[in-house]
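# Architecture at a glance
This is what each chain is made of:
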Amino acid sequence: MTAPPDRSPDWPQVALHVVTGKGGTGKSTVAAALALALATTGKNVLLCEVEGRQGIAKMFDVDPLPYEERRIAKGAPDEQGRSGQVNALHIDPESALLEYLAMYYKLGRAGKALDRFGVIDFATTVAPGVRDVLLTGKVYEAVNRPRGGRKGNQVVYDAVVLDAPPTGRIGQFLGVNSELAGLAKVGPVRNQADSIMSLLRSPRTAVHLVTILEEMPVQETSDGIAELRAAGLPVGGIVVNLVRPQALSTSALAMVRDDEVAPASITSDLKRAKVDVDAALVASLVDEGRDHAVRRQLEDEQRALVAAEGVPTYELPRLSGGIDRGALLELAQLLRHQGFG
Amino acid sequence: MRPPVLDIDALLDDPGTGIIVCCGSGGVGKTTTSAALALRAAERGRKVVVLTIDPARRLAQAMGIEALDNTPRPVTGIRPMVEEGAQRLSGDQGSLDAMMLDMKRTFDEVVESGASPEKAKQILENPFYIALSSSFAGTQEYMAMEKLGQLHRDAARDGTYDLIVVDTPPSRSALDFLDAPERLAGFLDGRLIKLLLAPARGPARLMTAGFSLITGALTKVLGGQMLRDVQTFVTALDTLFGGFRQRAEKTFALLQADGTAFVVVAAPEPDALREAAYFVDRLTDDDMPLAGLVVNRASPSARTDLSAEEAIAAADRLRAMDSSSLTAGLLQLHADRVRIIEREQRLRDRFAASHPHVPTAVVPAMASDVHDLDGLREVGVRLADQG
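Residues numbered from 1 in each chain as written. Chains lettered and ligands numbered in written order. Predicted model: local features only at pLDDT ≥ 70, side-chain atom pairs only at ≥ 80, totals over all residues. Heavy atoms only, no water.

### With respect to the overall build of chain B
Let me state the cut-off plainly: Only runs of H or I of at least four residues qualify as helices and only runs of E of at least two qualify as strands under DSSP, and these elements are numbered from the N terminus. Buried means the residue's accessible area, taken with a 1.4 Å probe over protein chains only, is under 20% of the maximum for its type, while exposed means over 50%, and partly exposed covers the values in between. When checking whether two residues touch, look at their non-hydrogen atoms; a contact exists if any pair is within 4.5 Å. Each accessible area value is a Shrake-Rupley result obtained with a 1.4 Å probe; residue values ignore everything except the protein chains displayed when judging cover.
When its secondary structure is counted, chain B shows 15 helices and eight strands. When burial is assessed residue by residue, chain B has 54% of its 387 residues classed as buried. Sequence-distant contacts, at least 24 apart, represent 81% of the contacts inside chain B between residues at least 6 apart. For chain B, the computed accessible surface area is about 16,200 Å², with 52% contributed by carbon and sulfur atoms.

And the structure:
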């Protein structure tokens, strides 16, 4: 099968793709697939995680990531077989704080004293909210790297994909700098917080929401979109993940659901296919088919609600074999063919 | 190898079980599990209160707790079980109250009960306090434990409840509350707090060389105004810290005691089970009483033993004759279902191999979301029925 030509990309202006979603929807998988989809010919993409789970390392089957940008995969190849590069970064608050202090302040001996006094530990563990400030700060740095900047060895990225906290917490996470700006009326912290907020609220950022076609996640997606809009944060697309296989046509689904399938015809089909058949097997297959058809109907109801949000949507199948490198590339191709890029 | 079975009814019926804490990563059905456990316990004769963090709207409505007022409210529609064994605890009928955690309200109450009215007013109006209590990550975990401690004290005093079921915030940091007492102690005994309190306490003898070095650095990074605001805030809170720490230590001891049972909730997915393993290890390290693992959302079992490979081969043969064959579609769906079941089984086996002594209950997925008491009751039946 030849791949259909890629649609023109939906997000050419976006430098920062934030990926959120309810727990259990496969948010991290989708973030990784988006990064692979964005890494077209000659492009460099950074995939960041901030929740300390080493999910990227596990998905790509590599050693746990340090606080350092690592080459992790080639992007999904285009028709000519060419692709770009995906790097990954595991951001932990403590390293981000130390790096931030070293980068912007020449503290010298005082820097060490901060650590001895427990300031670093306090800031990254006890003080609520500070973690989020540090995590978003590092992402901001990676997005805003000047081409040919101070450090020659630093990669400049065409896009950064952030595997962000779940939908229930995303407004708080992305809004933490505006809280901070309210506390620091002047000074360096205020300036940094303002710069981060203006990036996050600009068209250079898109917050994508991952959902599955079930009631609670779809409701949460809708609530999340409303919250993001109210906070002035740019809503991107909705990625519908883990979609059930489309093995039956619409008419077949209706027949199965309404018990209009003749067991005799299934029996004769199975015989033709050289399956050792009895009535129990036929009844089981029809029962399983009915379970499936009922769930597909529920999915369709939720799909209509997703469409009503009026933002670009993408669908990814549930892969029965689970997620590995190959599966991620497959998902990335599917995203690109649906116009993600 | 099969792990031991988690006997939910034995856990709920044991009068020694006073607190059940449900923890696990987000999206695994933790809130639903907490509510289902609480309902089942109540219908088996216990006097239960369930503390939820962020229930789905319709579930909250069904339980009558959509108004967020930080007070337990009775749930109507409890149907005492008549089966053998239930209600053997007492002649009394069970009851169920439910509440949703209001993080800010809980924090405000801590301030109001711990400080003089003028001081409390000063704190409640402080911009740092407002940000801290309403919008910062991490506060929820502390407040959930604060509320648990409160409920437990009230229940012990008034005999209102004999079982408290707690849902925990949906993040890895859900277990951060285990560290809270130690962290607070480290902070309060540390030098940073002395530095922050120095201006209020005045004596210049505190201003050693190290102190001025730090103050200089902090001023440079935070700016003078912000550092002063932080100092004002910490000074205002100073009187509360002791009480807060004391209660955190008490809650920690309470969680470690025999009357508590931790239930780790997961789904048969690699991420959720990995998180569950992390929770189990963490609880074990801290000597916390682990009751077992609940694996939610398990795929329904296949109804025939036709293998995935046979089904796919047969589907291919049929499609070669008729590309729109319905039977081929059914075979393909069966193969997909079998593969998913096999994968889930492998993941569970892997967990069991590394944690062989953790009692486990597997709960098949419901066809649709749970948003009423009947749904919760059905989850309860599935939790208890481990065939």
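The discussion continues.
### Examining the overall build of chain A
The helix and strand inventory of chain A stands at 13 helices and eight strands. The dimensions of chain A, computed from C-alpha atoms along their principal axes, are 85 × 40 × 35 Å. Sorting the 341 residues of chain A into buried and exposed places 52% on the buried side. Considering only contacts in chain A between residues 6 or more positions apart, those separated by 24 or more positions represent 74%. As displayed, chain A offers around 14,500 Å² of accessible surface, 53% of which is attributable to carbon and sulfur atoms.

### So, a negative patch on the surface
The test is simple: The patch calculation keeps residues exceeding 30% relative accessible area without a salt bridge and links them within 9 Å when they carry like charges or within 5 Å when they are nonpolar (Val, Leu, Ile, Met, Phe, Trp, Tyr). Salt bridge, as used here, is a side-chain nitrogen of Lys or Arg placed within 4 Å of a carboxyl oxygen of Asp or Glu. Asp and Glu count as negative and Lys and Arg as positive, but His and the ends of the chain are not part of the count. Charge placement uses NZ in Lys and CZ in Arg. For Asp and Glu, CG and CD serve respectively.
On the surface, A:Asp276, A:Asp278, B:Asp305, B:Glu309, B:Glu310 and B:Glu342 cluster together to form a negatively charged patch. The topology assignment puts A:Asp276 in the loop between helix 11 (263–272) and helix 12 (279–307). A:Asp276 gets classed as exposed once you look at its relative accessible area, which sits at 76%.

### Some points on the interface of chain A and chain B
This is how the line gets drawn: Here the quantity called buried area is the total loss of accessible area, with a 1.4 Å probe, experienced by two parts when brought into contact, counted for both. In the analysis that follows, any N or O atom pair within 3.5 Å is treated as a polar contact, provided that within protein one partner can donate a hydrogen and the other can accept it, and provided that, for residues neighboring in sequence, both atoms belong to side chains. Here the nonpolar group is Ala, Val, Leu, Ile, Met, Phe, Trp, Tyr, Cys and Pro; Asp, Glu, Lys and Arg are the charged ones; every other residue, Gly included, is treated as polar.
The interface of chain A with chain B comprises 69 residues on the first partner and 65 residues on the second. Carbon and sulfur atoms supply 64% of the area that chain A and chain B bury against each other, a total of about 6,200 Å² over both sides. Among the residues chain A hides against chain B, the three largest losses belong to A:Phe117, A:Leu183 and A:Glu288. Together they make up 13% of the total. The salt bridge partner of A:Glu214 is B:Arg297, with a shortest N-O separation of 3.6 Å. At the surface where chain A touches chain B, the tally comes to 14 residue pairs in polar contact (both at pLDDT 80 or more). Ranked by residue count, the leading element in the side of chain A that touches chain B is helix 12 of chain A, at 10 residues. In terms of residue class, the side of chain A that touches chain B is built from 33 nonpolar, 14 polar and 22 charged.

### Focus on the sheet that holds strand 4 (residues 85–90) of chain A
Paired through their backbone hydrogen bonds, the strands of a sheet run either parallel or antiparallel. Residues and elements named next belong to chain A. Put simply, the rule is: Any two strands between which DSSP finds at least two bridges are classified as paired. Helix axes are fitted to C-alpha atoms over the stretch in contact, other axes to C-alpha atoms as well, and angles between N-to-C directions run from 0 to 180 degrees.
Taken together, the eight strands give an open sheet; going across it, the order is 3-4-2-5-1-6-7-8, and neighbouring strands pair in mixed fashion. Both outer strands of the open sheet, strand 3 (70–74) and strand 8 (313–317), are each paired with one neighbouring strand and no more. Across the sheet, the mean angle separating the axes of adjacent strands is 25° when strand polarity is ignored. The pairing of strand 2 (residues 44–49) with strand 5 (residues 159–163) spans five bridges and is classified as parallel.

### Looking at the nonpolar core
Stated formally: We call a set of buried Ala, Val, Leu, Ile, Met, Phe, Trp, Tyr and Cys residues a nonpolar core when their side-chain atoms join them within 4.5 Å.
A:Leu16, A:Leu101, A:Val160, A:Leu162 and A:Leu174 are the most contacted members of the largest nonpolar core, which totals 94 residues. At 10 residues, the largest contribution of residues to this core is made by helix 11 (residues 224–256) of chain B. Once residues lying within four places of it in the same chain are set aside, the contact partners of A:Leu101 are A:Leu107, A:Leu114, A:Ile120 and B:Val221. Core analysis: the next-biggest nonpolar cluster, separate from the first, contains 73 residues, B:Ala35, B:Leu51, B:Val166 and B:Leu255 among them.

### What to know about helix 4 (residues 109–116) of chain A
Think of an α-helix as 3.6 residues a turn; residues three or four steps apart then line up on the same face. Residue and element names in this part refer to chain A. Going by this rule: The directions from the helix axis to the C-beta atoms form the arc being described.
Considered for burial, the residues of helix 4 that qualify are Ala110, Ala113 and Leu114. One face of helix 4 carries all of its buried residues, which in axial projection span an arc of 105°. Helix 4 presents Arg109, Lys112 and Arg116 as exposed residues on the side facing more than 90 degrees away from its buried surface. Positive phi appears at Gly118, one or two residues downstream of helix 4, with a value of about 80°.

### Overview of the pairing of strand 8 of chain A
All names here are of chain A. Here strand 8 shows a clear split, with Tyr314 and Leu316 buried on one side and none of Thr313, Glu315 and Pro317 buried on the other. Across four bridges, strand 7 (residues 235–243) lies against strand 8 in parallel orientation. By the bridge assignment, Val240 is partnered in strand 8 with Glu315.

### Examining the sheet that holds strand 5 (residues 163–167) of chain B
Residues and elements named next belong to chain B. Ordered in space as 3-4-2-5-1-6-7-8, the eight strands form an open sheet in which the pairing is mixed. Since the sheet does not close on itself, it has two edges, and those belong to strand 3 (73–74) and strand 8 (360–364), each with one partner. As defined by bridge partners, strand 1 (residues 19–23) adjoins strand 6 (residues 260–266) across five bridges and the pair is classed as parallel. Residue pairing for strand 6: Val21 is matched across the bridge by Phe262. Sheet strands in contact with helix 12 (residues 270–285) are strand 1, strand 6 and strand 7 (290–298), and its direction is about 160° off that of strand 6.

### Examining the pattern of salt bridges
Counted according to the given criterion, the structure contains 43 salt bridges over all chains. Notably, a salt bridge pairs B:Arg46 with B:Asp162, separated by 3.2 Å at the nearest N-O pair. Here B:Arg46 is found in the loop between helix 2 (30–43) and strand 2 (47–52), whereas its partner B:Asp162 is found in the loop between helix 7 (139–158) and strand 5, with 116 residues between them in sequence. One salt-bridge network, held together by shared partners, links A:Asp259, A:Asp287, A:Arg290, A:Asp291, B:Arg303 and B:Arg337.

### Some remarks on a positive patch on the surface
On the surface, A:Arg109, A:Arg116, B:Arg191 and B:Lys194 cluster together into a positively charged patch. Looking at the positive patch, the elements with two or more residues in it are helix 4 of chain A together with helix 9 (191–201) of chain B.

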